Amino acid sequence: MLDLNVNEPDQLVQVAHALSTRARVDMLKLLYTRSMNIIEISEALKLPVSTVANNVKILEAAKLLTTELLPAARGAMKVCTRSYDDIHISLNPAIQSSKENYGVYEVEIPIGLYSDCEVYPTCGMASGTEMIIREDEPASFYHPKHIEAQIIWLRKGYLEYILPLELPQNVKIKSLELSMELCSEAPNFDNDWPSDISVWLNGFEIGMWTSPGDFGDRRGRLNPSWWLDWTTQYGLLKTWRVEEDRTTLDMKKVSDVGINDLQLEERPNLRMRIGVDPNAVHKGGVNIFGRQFGDYEQDIKMRIQYVPMTEEA
């Protein structure tokens, strides 16, 4: 994600300019699934090569594209790759403090490093090179190889993770973010297959997201070549954020659970569970993607902001 704010107006204006024409927006959309050279972009969008080349320069200057010169039949060709999948723009000026403001603690947990689970078919998991267990055998989820998983799917149940909290002493946690790539779980795939996927922290359900489907209409950008075309391919990147008096999902409030409810300062770790509540309306299962599958090169990311007790607001 590219984060922009009004405290950095030059970059904000440059990016806004780069996004100000339909042609450049269409180019970014086209590059969502794969990198392309200027000739390929020209043919796909039915634009002159010179027009595409000029627009690539503008997008590259705004750092929305990266380019690479690669050998071609005649000379070299410029291959374009999209730099970001999301852009967040804050129009609120950041309030600067005379003291050191927030400390940040970040950790990324491999999706296969779960500590507990309850799983029902359809279910399975794969590493970047092979299927780890036989499909639809829940007992195999306790096989030691599960730590190698790069994609995990289950029709019902949950996965539970223990996330370390290696924070300095005498600090007050102000916010906690969790992000991961997810979608529903249907046999093979079904883009219209809703599922109510929930996240629990230390026993509190912080918020539920209704995934619209199990996405398989195109290949995931990171999927290994051996992964079959007719099965689950990618998910959506979702971010839960617990603040002082609420929890948001992709910046929209989803619950009243606040950071104090979790009592994080009293614990050496955080217990996170992800799954489908047995009482959910849409019991469509869950796929969770690691950094070698889907569209986003990450596992489960946690980011905590904290301040010293003496600076607590």
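One structure accompanies this document, and this report is about it. On a predicted model such as this, the values are computed, not experimentally measured, just so you know. (Residues numbered from 1 in each chain as written. Predicted model: local features only at pLDDT ≥ 70, side-chain atom pairs only at ≥ 80, totals over all residues. Heavy atoms only, no water.)

Spacing of three or four residues puts side chains on the same side of an α-helix, whose turn is 3.6 residues. Buried within helix 1 (residues 9-18) are the following residues: Leu12, Val15 and Ala18. Buried positions in helix 1, seen along its axis, are confined to an arc of 130° and lie on one side of it. Facing away from the buried side of helix 1 by more than 90 degrees, the exposed set consists of Asp10 and Val13. (Buried < 20%, exposed > 50% of the residue type's maximum accessible area, 1.4 Å probe, protein only. Helix = DSSP H or I, 4+ residues; strand = E, 2+ residues; numbered from the N terminus. Arc of directions from axis to C-beta.)

Moving on: the pattern of salt bridges. According to the stated counting rule, one finds 18 salt bridges in the structure shown. Notably, a salt bridge pairs Glu137 with Arg134, separated by 3.6 Å at the nearest N-O pair. Its relative accessible area of 62% is what places Arg134 among the exposed residues. Note that Arg291 and Glu297 form a salt bridge whose closest N and O atoms lie 4.0 Å from each other. One network of salt bridges, with partners in common, ties together Glu108, Arg291, Glu297 and Asp299. (Salt bridge = Lys/Arg side-chain N within 4 Å of Asp/Glu carboxyl O.)

Looking now at the pairing of strand 4 (residues 76-82). In this structure, strand 2 (residues 36-37) lies alongside strand 4, joined through two bridges in antiparallel fashion. The residue of strand 4 that forms the bridge with Asn37 is Val79. (Pairing = 2+ DSSP bridges.)

Okay, the layout of surface pockets next. Space inside the second largest pocket adds up to approximately 290 Å³. What lines the second largest pocket is a set of 16 residues, among which Glu135, Trp153, Trp227, Trp230 and Thr231 lie closest to the centre. Residue composition of the lining of the second largest pocket, by class: eight nonpolar, five polar and three charged. (1 Å grid on protein atoms, 1.4 Å probe; cavity = no way out; pocket = protein on both sides within 12 Å on 5 of 7 lines; lining within 4 Å. Points joined across faces, edges and corners; volume = space filled by probe spheres on them. Nonpolar A, V, L, I, M, F, W, Y, C, P; charged D, E, K, R; others polar.)

On to the packing of helix 3 (residues 38-45) against helix 4 (residues 49-61). How two helices sit against one another is set out by the angle between their axes and by the gap between those axes. For the pair helix 3 and helix 4, interaxial distance at closest approach is 9 Å and the crossing angle is 115°. With respect to the hand of their crossing, helix 3 and helix 4 are arranged in right-handed fashion. The segment helix 3 lies against helix 4, with Ile38, Ile39, Ile41 and Ser42 engaging Val49, Val52, Ala53 and Val56. Of the residues assigned to the contact of helix 3 with helix 4, the class counts are seven nonpolar, one polar and no charged. (Axes fitted to C-alpha atoms, helices over the stretch in contact; angles between N-to-C directions. Left-handed = near helix turned anticlockwise from the far one by under 90°. Contact = heavy atoms within 4.5 Å.)

So, on to the packing of aromatic side chains. Applying the stated criterion across every chain yields a total of six aromatic pairs. On the numbers, 5.2 Å between centres and 15° between planes, the contact of Phe215 with Tyr234 is stacked. Linking Phe215 in the loop between strand 11 (204-211) and strand 12 (236-242) with Tyr234 in the loop between strand 11 and strand 12, this pair joins segments that are 19 residues apart in sequence. Linked through ring pairs, Trp153, Trp226, Trp227 and Phe293 together constitute an aromatic cluster. In this structure, Arg218 packs its charged tip against the face of Tyr234, placed 3.9 Å from the ring centre. Above the face of the Tyr158 ring, Arg273 is positioned so that its terminal group lies 3.6 Å from the ring centre. (Phe/Tyr/Trp six-rings, centres within 6.5 Å; stacked < 30°, edge-to-face > 60°. Lys NZ or Arg CZ within 6 Å of the ring centre and 35° of its normal.)

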